[in-house]
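Chain and residue survey
Here's the letter readout for the chains.
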Amino acid sequence: MTLAAVSPTRHDVLLGRGHTTKTHPGNVQFRRYVDERRANFLSARKHMKRIIAQGIVDEMKSKGIRFLVEKTGDVMPDEKLRWFEVDYEKAVDKVMHRLRAVKDISRSQSQTSAAAAAAAAATASAPPTSSTSPAAISCERRDDLLEQLEAHTIVPNVKGPTRTESPDSLEISSLLKPGTASQWDGEESEKLVQFMSSLDTRVVSLRDWIVANHPGSMSGGTANHYIKDAIRLAIKVAELCLANFCEFDIDRLLLTPDGDEPRVHLAHTADRPWASTPRDEMKCLTMLGYIFLEMFTGRVSSDAIISEQGKSPKPPSYQLDAFDNRIGCVLDSEDLPFRLRFLLKCLVQCTDDTRAINGAYRSVGDVLEDLRLMNSNPSCYLEDLYVTGTVPIVSLPDKLYGRDGVILKMASLYNDSDNCRGLICQGKAGVGKSALLTAALSSLAVQTGSYFFMTKFNQQGPLSPLTNIVTIFDSLVDSFSKDSTTTQLTSFADAINDKLGLQVSFLAQLVPSLSGVLPHASTTGLAAACIDRAASVNFIFLSLLETISCYTPRIILLFDDVQFADVNSRAIMTSLLLDSTTNSRVFFACSLRDDEVSNDLAAWLAVIRQCPFEQIQVEPLELDDVNMMVSETLHTPPRLTRQLSSILLSKTRGNALFLREMLLQLSMSGLIYLKLNPSRWAWSIEKILMDAEMPNDVVMLLVREMQSLSDDQLLCLKIASCLGSVTKYSIFDVLSAELGGVDLRATLSQLTAKGFLIEDGERVRFSHDKVHQAAYLMMSRGQQIEFHKRFGLALSINALGRVEPADDETFFIAVNQINAAGPESLPDPQHLELMAKLNLKAGRRSNELSDHSSALRLFECGIGFVDCLPVDMKWSDKTKTALQLYVSAVETACTLNDAETVSRLSDEVIKHSSSEEDKLKCFYSIMTSLTMTGKHLEAREVAYSILSRMGENHPRELGDEQHKKDVARMVWRVSSITDDAIFAMKESNQASRDEFLLGVLSKLWYNLNLISPNYMADVNLRMLEITLENGICPMSPTAIVRFAASCLSLGKYKLAYRLSKLSLRIIERANANQHTSSIILWAGHCSIVSEPIQSVAETHMLGFRAGQQAGDVESATLNQLQSLTDKFLSGGSLERCRAEALECLKRLTQRKQSYMKDRFNAYALLVFEFIHGTDRSTENLPTWDRLLNSANDDFQLFLKACKYMRRIFLTKDFSNTPKDGLLDGMRTDQVKKGGAPAKTNKFRPMIIYGTFHETLFFLQLIDQSPMLKKRADEGMEFVRELSEISPVNFTNKYLLLEGVRLERIDPDQSETYYLKSIHSSRVQKTINDEALCSELAGKYFFRRGDMVKSKAFLLHAIQCYEQWGASAIVARMNSELMNMFGLEKVEPVSVDIFMKGFVDDKLPNKKRTSSNG
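Residues numbered from 1 in each chain as written. Predicted model: local features only at pLDDT ≥ 70, side-chain atom pairs only at ≥ 80, totals over all residues. Heavy atoms only, no water.

Helix and strand content of the protein chain: 66 helices and 18 strands. Of all 1413 residues assigned to the protein chain, the portion counted as buried reaches 54%. Across the protein chain, every contact between residues at least 6 apart in sequence was considered, and the portion connecting residues at least 24 apart equals 72%. Split by element, the accessible area of the protein chain, about 61,800 Å² in all, is 51% carbon and sulfur. (Helix = DSSP H or I, 4+ residues; strand = E, 2+ residues; numbered from the N terminus. Buried < 20%, exposed > 50% of the residue type's maximum accessible area, 1.4 Å probe, protein only. Contact = heavy atoms within 4.5 Å. Areas by Shrake-Rupley, 256 points an atom, 1.4 Å probe, with all protein chains shown as cover.)

Taken in spatial order, the three strands make up an open sheet running S1-S2-S3, and their pairing is mixed. Where the open sheet ends on each side, the last strands, each with one partner, are strand S1 (13-15) and strand S3 (83-85). Between one strand and the next, the sheet's axes are offset by a mean angle of 40°, whatever the strand orientation. As judged from the three bridges shared by strand S2 (residues 67-70) and S3, these two strands associate in the antiparallel manner. Bridging across to S3, Val69 finds its partner in Phe84. (Pairing = 2+ DSSP bridges. Axes fitted to C-alpha atoms, helices over the stretch in contact; angles between N-to-C directions.)

Our next topic: the packing of aromatic side chains. In this structure the tally under the stated criterion is 30 aromatic pairs. Taken together, a centroid distance of 5.1 Å and an interplanar angle of 70° make the contact between Phe480 and Phe492 edge-to-face. Here Phe480, found in helix H21 (residues 467-483), pairs with Phe492, found in helix H22 (residues 486-500); they are 12 residues apart in sequence, far enough to count as distant. For Phe480, a relative accessible area of 0% corresponds to the buried category. Residue Phe492 is classed as buried on the basis of its relative accessible area of 0%. With a centroid separation of 5.4 Å and 25° between ring planes, the pair formed by Phe1341 and Phe1353 is classed as stacked. Linking Phe1341 in helix H64 (residues 1327-1344) with Phe1353 in helix H65 (residues 1347-1364), this pair joins segments that are 12 residues apart in sequence. (Phe/Tyr/Trp six-rings, centres within 6.5 Å; stacked < 30°, edge-to-face > 60°.)

Another point: the pairing of strand S12 (residues 586-593). Of all eight residues in S12, eight are buried, a share of seventy percent or more. Burial along S12 is two-sided: Val586, Phe588, Cys590 and Leu592 and Phe587, Ala589, Ser591 and Arg593, pointing in opposite directions, are all buried. Looking at chain direction, strand S9 (residues 422-427) and S12 are connected through six bridges and run parallel. Within the sheet, the bridge partner assigned to Leu423 lies in S12 and is Ala589. Taken together, the five bridges between strand S11 (residues 555-560) and S12 define a ladder with parallel strand orientation. Within S12, the position partnered with Leu557 by the bridge is Phe588.

Right, let's get into the pattern of salt bridges. All chains considered together, the criterion is met by 60 salt bridges. For the salt bridge of Arg940 with Glu941, the shortest nitrogen-to-oxygen distance reads 3.2 Å. Judged by its relative accessible area of 18%, Arg940 is buried. Of the charged contacts in the structure, one is a salt bridge between Arg1065 and Asp980, with a shortest N-O distance of 3.1 Å. Separated by 85 residues along the polypeptide, Arg1065 in helix H51 (residues 1053-1065) and Asp980 in helix H47 (residues 979-983) bring together distant segments of the chain. (Salt bridge = Lys/Arg side-chain N within 4 Å of Asp/Glu carboxyl O.)

The contact between helix H53 (residues 1093-1110) and helix H54 (residues 1113-1129) brings their axes to 8 Å, and the two run at 160°. One way to sum up the angle between H53 and H54 is to call them roughly antiparallel. Where H53 crosses over H54, the handedness of that crossing is left-handed. In this structure, H53 uses Ile1093, Val1096, Ala1097, His1100, Met1101, Gly1103, Phe1104, Gly1107 and Gln1108 to contact H54, whose residues at the interface are Ala1116, Asn1119, Gln1120, Gln1122, Ser1123, Asp1126, Lys1127 and Leu1129. (Parallel < 35°, antiparallel > 145°, perpendicular 65-115°, else oblique. Left-handed = near helix turned anticlockwise from the far one by under 90°.)

Here we come to the environment of Phe1170. With respect to the helices and strands, the residue Phe1170 is situated in helix H56 (residues 1157-1172). For Phe1170, a relative accessible area of 0% gives the class buried. Put simply, Phe1170 and Met1205 are 35 residues apart on the chain and 10.0 Å apart in space, counted from C-alpha to C-alpha. With residues up to four places along the chain from it excluded, the contact list for Phe1170 reads Phe1128, Leu1134, Met1205, Arg1206, Phe1209, Leu1210, Trp1364, Ala1366, Ser1367, Ala1368 and Ile1369.

Residues Phe1128, Tyr1361 and Trp1364 are the most contacted members of the largest nonpolar core, which totals 186 residues. Apart from residues lying up to four places away in sequence, Phe1128 is in contact with Leu1134, Cys1137, Tyr1163, Leu1166, Val1167, Phe1170, Met1205, Asn1328 and Trp1364. In this structure, Val626, Leu644, Leu657 and Leu701 belong to the second largest nonpolar core, which totals 64 residues. (Core = buried A, V, L, I, M, F, W, Y, C linked by side-chain atoms within 4.5 Å.)

Here S1 pairs with S2 via three bridges, running parallel. Looking across to S2, one finds that Leu15 is bridged to Val69.

Even without glycine at this site, His635 takes up a positive phi of about 55°. Tracing the backbone shows His635 in the loop between helix H28 (623-634) and helix H29 (638-652). Residue Lys1325 is not a glycine yet carries a positive backbone phi of 60°. With respect to the element layout, Lys1325 can be found in the loop between helix H63 (1307-1324) and H64. Given the relative accessible area of 69%, Lys1325 is considered exposed.

Moving on, we get to the environment of Glu596. Position of Glu596 relative to the elements: it lies in the loop between S12 and helix H27 (599-608). Separated by 169 residues in sequence, Glu596 and Gly427 have C-alpha atoms that sit 9.8 Å apart. A polar contact of 3.1 Å, which involves the side chain of Glu596, links it to the side chain of Arg593. (Polar contact = N/O pair within 3.5 Å; in protein donor to acceptor, adjacent residues only side chain to side chain.)

The end-to-end C-alpha distance of helix H33 (residues 711-723), which contains 13 residues, comes to 19 Å, matching closely the 18 Å that a straight helix rising 1.5 Å per residue would cover. Summarising burial for H33: 10 of the 13 residues are buried, a large majority. Among the residues making up H33, those that are buried are Gln713, Leu714, Cys716, Leu717, Lys718, Ile719, Ala720, Ser721, Cys722 and Leu723. Directly after H33, the chain includes Gly724, whose backbone phi takes a positive value near 135°. (Expected span 1.5 Å × (residues − 1).)

This part is about the sheet that holds strand S18 (residues 763-766). If you trace the three strands from one edge of the open sheet to the other, you get S16-S18-S17, paired in antiparallel fashion. In this open sheet, the two strands that pair with only one neighbour each are strand S16 (726-728) and strand S17 (757-760). Within this sheet the neighbouring strands show an average axis-to-axis angle of 25°, counted without direction. Note: S16 against S18, three bridges, orientation antiparallel. Following the sheet pairing, Val726 is matched in S18 by Arg765. Packing of helix H34 (residues 729-738) onto the sheet brings it into contact with S16, S17 and S18, and relative to S16 it is tilted by some 70°.

All right, on to helix H20 (residues 433-448) then. Two residues of an α-helix separated by three or four positions point the same way, owing to the 3.6 residues in each turn. Counted at 1.5 Å a residue, the expected span for H20 with its 16 residues is 22 Å, and the 22 Å between its end C-alpha atoms agrees. Within the span of H20, buried status applies to Lys433, Leu436, Leu437, Ala440, Leu441, Leu444 and Ala445. In a view along the axis of H20, the buried residues occupy a sector of 145°, so they form one face of it. Among the structural elements, helix H19 (404-415), S9, strand S10 (451-456), S11 and S12 are those in contact with the buried residues of H20. The first or second residue beyond H20 is Gly449, which carries a positive phi of 70°. (Arc of directions from axis to C-beta.)

Have a look at this one:
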């Protein structure tokens, strides 16, 4: 097969010899690439060496690198097509040859080194005779050997030469000193010969390196590579000059291989130190000049440059540009970059006069600094400057300055996922926060394989409700859907459906990308109804983030400019930031301006800073940072720009945005200008200082810059500023038609190129809000109003014809444009009414998206338009727009708890509306607002007014004879009707009215609970009557479960349980999902009579989740508390109970939600003491006394229950008998003669469990007084009734009480009850009850003198307490065990052997009435 000739590229490897081959860029890169892998090759076994070489060839070929060989002859006249690719094995042989070779740094060795090697070899091969003895070595030869020795023993260091000589080299060095030859003996001669033969012959002089590597011509790629290599060597030479206080020239500079770069050092000769006078910097600079001159030109200075008399050329008198001498001519003839030629001229012609000229070098340090800049950033400081355009303008580097420390801190915080969940970045406007965070976090995401998403809030507010939040989540879901497998997507869909339930359809409406991930989620119509849609939205986004982060890499979310965030977005961010603090897979970052912090933002920050977030302060740039920015912008070394940078720093105060704009303005105004031949930036300090027109404010500076734009560009910029900070291109397309076909897109591209705008996918946004502000200031107020009106009307076409806005963003921009113009701009009544309708529609859409603040603003804007209509037209029954706006505004203000707005707007509706329904809605909003502000008496009166308007009677008080009969009749009615019959009831014909009326009664019930509890039962009765009479509506399940709670107080336990289960079953049938949490709360209270308490705890957790989904925060919180309480009472892990309680308290505190906080505190305090005892710090929890002082009547019972448990389990304190107990507080709840409860229902687990512990407490004090005996008997009877009602929860407790009671009158029978109580606790799987029963049984056996059983049961109790996690109780029992049995070794014995035959836990049939039997 004939191989085709190819043309070599700069990346190919050329086989063969010669200067051209060796200096070919591909070969240079090949040698470096292979040398980096030599260590692995040399350490590998023999059979692996070729495999390593093959791997190198494969890797190079995968990158497109070829191995070529040259063929010559007449058949190939084309010089470029003389190369052919070799086969694979030859390429491997080439790599193997390089791997085996000793690394060299030049093609030829120096003559001196070659001679030394030959002499050493000859000496080593010949026997030591007198002719070869060291004594015969000449002085020149000795100097040569010393030079080689010095090459191996001197390491250059910036602080001076450091010798690292081995003992052998020190000894040889001493032998080579003059005058020591007569002292050599045979052994020393042998050492010298061996050392000479082992000398490394790789040392080469700098001049030989130049001869071997200089390309001759300084143009082309080879020359560029040579210049870069030569600059690196020049740096080493300058460092050597800085470190050595002696003269040297190029002849004394040697190179020795040292890793990837050669080491530069001095040959060993008699040092010629500087005089005793201080170092002569001018002589140093001149010396470096001639060395560098030869390095970069390849010419020996003495042959081609120095004048005939051998004198240095005369320096110029005034400026460096005036060089007129032979050196200048030689340098100008070289094709070297201007900066390099300038450096050589300055050094070679360095005198006291030239050093005083601006730009000249004053020290070796200056030279070293410039060389390092040329090496590290050649495009800026080495290569020649090329500027395009008729008017040269500086180009600002897209780079961060002075932020390295902050970036490192961000990386550290990101990696510390255990202790840090995010950061808050603060700084003044324009300081560079956004650029810093975007660059640093996106780089971190690339390095770690994480996801990075950001959103930027605008000063004018969101384009549409939830725009910013939806954007960031839409991008997250889109990336996840593209990167995930089908299995992962299916698993995610199942998880999010399980977590959100019906609300997943609402989430699909909000986040468009979810349509591909959740194909079965409906994205049409409204989502499930909510109690508080805003709270529901918070939960929805939190659930989405928590769920999706389980399937993705770590996520970084950046919220930029949060000082502009709307209230709704901040609420969502609060939920994400607070509730995701345990999710280390998400890293949050927020940026804000610390000089624009409002009171609302300060309050928000106070909440956020309680989380594990770090604060980063971004300060203005300092002088060094400004100087580096100016230096790189002007392609001029920093030492030459420092004065200019100082002036700019004083004008801009280190503000990055201001500084960039200032540099552009200076360039556009000609104060920074381009000098030609060669091209370089120059400036006049005097003119810059004298420029009085230069603004001192960045906005005015931007305005000045915008004034130079063309008319089309300025018009487009003004249009963009009217529309907002971010606008879709499609909106500009609509306005292009409005403006007569003007191509706005093309103009937008021009403005983007100028840096005013930034492309952002389908949108374009201003590069900074200060740019937006400046563009808006380019218009007068009249022009602003005209533009807003014109563009708003153009975008509003057909907006009212859509059922749902097809494009929320365009729709809201249209409405906001008209609102910005104001109603005064629309004299036409039809336009006014049109805009009022648009605001009504936009406000309703905002409410659907939970942005109630924006909704209220839109409704009030709409009211502003209808207020400009004639009065007869405003309240016309034909349009009803005004009425709808007012009612919607009232309802929204009520949601926002804005009582003043509710009252003000409601008065207008009540005064002008002819619709009773609208008036009732306003009255309901007023009642709700009063309830939320704690004005319960006023709220009750408004509720009574609503009931009167609807033809309803006011609630009756307990004790009313007719009420007693009605209650009994209703109990009989629901007892006689089946569940299926109730479930199959038809939907109410007046469902809307019934739902409203039941809502009023429910809100009234809440107020009565706090001020007039004796009226609550009649409210529950009336709610169920409406349901049974009219049919099903969304409030029907609430009516049923409320009456179930009344039945529980009446002692109708089975009916209460049945109705509670029916209420849960009917939720879906009645479309009452928004009320699920409150229904479950009451159903859980009723379920305690028939279900294990562990099951009830799980039910309340379902209620907690349902409350989160529906935004029912109050019911969710109550369900969570009840679930935690049930877990504790059923023997759940105390450590887990404590952690969950503290987490709940933390969230309540962060959100400033005081409701139920005291109950969580009491619960957490009790659990904490069971674990740690009463002596330790209580994690900032309040004391029992403080809780007791702040408690209302209902909470007093809760606290008493806690304290009885504390006494029984922990302290064993039976002193200070309380005057009234839990039964006293609950007695009024029991059935009276009239069959109605006399007070609120206290039939809750914590209270009734506390009653059991209270009875146990009184049984210990039964001999102290008849009153205590009576209390014990009443408690026994209460617990006995509970054990019959709910045997699964209370049988073991009654058995234990009976055992304690019988111990006084029938000790033998008491043992049976103790053992049965233990067995019953085991069956119920309540480890805490089993522990308590075992403890009391062990003490019973101790009192009976049965030490074996006593020890067994006491040890078993300790094991149970340990399993529960009650470390403090275990410590108490261990102490008691020591007191009871002393130091006697207690051998564990299983209690099972004593419990055989005592597994029958059935209760006696006869009723116990006395503690004496």
